[in-house]
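A structural walkthrough
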Amino acid sequence: MSSSISPPLPHGHRRELPGDLAMWFFILAELLVFGVFFLAYAFARMRNVELFNASQLELDRLSGAINTVLLISSSYFVVRAVDHIRHGRSRACAHWLLAAMTLGGAFLVVKMAEFIAKTEAGISMSTNTFYMFYLGLGFFHFMHVVLGMVILGAVTLKAWKGGYSATDHVGVETGAAYWHMVDLVWIILFPLIYVLH
């Protein structure tokens, strides 16, 4: 990623958000939904701290930590992809996006193994309030990762075919913005569900 400082903008010009504006509205709406779920979780936790603490100890924190590293690393790869396309390096952009998707896929595998382990232990959303949030929020985020990978996949294919350039790469920035949102939500979700008590 380039370390040079961006030159000041000419008088009367404003720095615009990277990517498509419609995606930013979608991202804000998604963050609002997650925010409501997080507040509901915090409220429910305050009403039954002992149950939440006891249930939380049954989670696999190592899996959660591994998934945190996977998503943060994948976000870095997406940053590298954006930097490359801004310099007109379409194939390099595609390579970095493919690497990000690989880590996203690994996240899904780890998370799915976690879900399966809980199911085999007889745990479901009806087990208790904590598991309702753990499974509900986890699956909701899981589906956002899947959607993010679909978006990155489409962007990667177009980048590989030379569909973006140094002057025309809104699609790459749009996909990157969504992927960073998915990462941000997990960075909040992991300590909230797995660690804090």
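Structure first, text after, so check above.
Overview of the structure. (Residues numbered from 1 in each chain as written. Predicted model: local features only at pLDDT ≥ 70, side-chain atom pairs only at ≥ 80, totals over all residues. Heavy atoms only, no water.)

Structurally, alanine 100 can be placed in helix H4 (residues 90–120). The spatial distance from the C-alpha of alanine 100 to the C-alpha of arginine 89 is 17 Å, given a sequence separation of eleven residues. Not counting residues within four places of it along the chain, the set of residues in contact with alanine 100 comprises Ser74, Phe77, Val78, Leu152 and Trp179. (Helix = DSSP H or I, 4+ residues; strand = E, 2+ residues; numbered from the N terminus. Contact = heavy atoms within 4.5 Å.)

Let us now look at a nonpolar patch on the surface. There is a patch of nonpolar side chains on the surface, built from Leu17, Leu21, Phe25 and Leu28 and spanning about 440 Å² of accessible area. The topology assignment puts leucine 17 in the segment before helix H1 (21–47). (Patch = residues over 30% accessible without salt bridge, like charges linked within 9 Å, V, L, I, M, F, W, Y side chains within 5 Å. Areas by Shrake-Rupley, 256 points an atom, 1.4 Å probe, with all protein chains shown as cover. Salt bridge = Lys/Arg side-chain N within 4 Å of Asp/Glu carboxyl O.)

This paragraph deals with the packing of aromatic side chains. In this structure the tally under the stated criterion is 21 aromatic pairs. Relative to phenylalanine 38, the ring of phenylalanine 34 lies with its centre 6.1 Å away and its plane at 35°, an arrangement referred to as tilted. One end of the pair is phenylalanine 34 and the other is phenylalanine 38, both in helix H1 and four residues apart, which spans about a single turn. Comparing phenylalanine 34 with phenylalanine 38, the two get one shared label, buried. Residues phenylalanine 139 and phenylalanine 142 carry aromatic rings whose centres are separated by 6.4 Å and whose planes lie at 10° to one another, so their mutual orientation is stacked. One end of the pair is phenylalanine 139 and the other is phenylalanine 142, both in helix H5 (residues 129–160) and three residues apart, which spans about a single turn. (Phe/Tyr/Trp six-rings, centres within 6.5 Å; stacked < 30°, edge-to-face > 60°. Buried < 20%, exposed > 50% of the residue type's maximum accessible area, 1.4 Å probe, protein only.)

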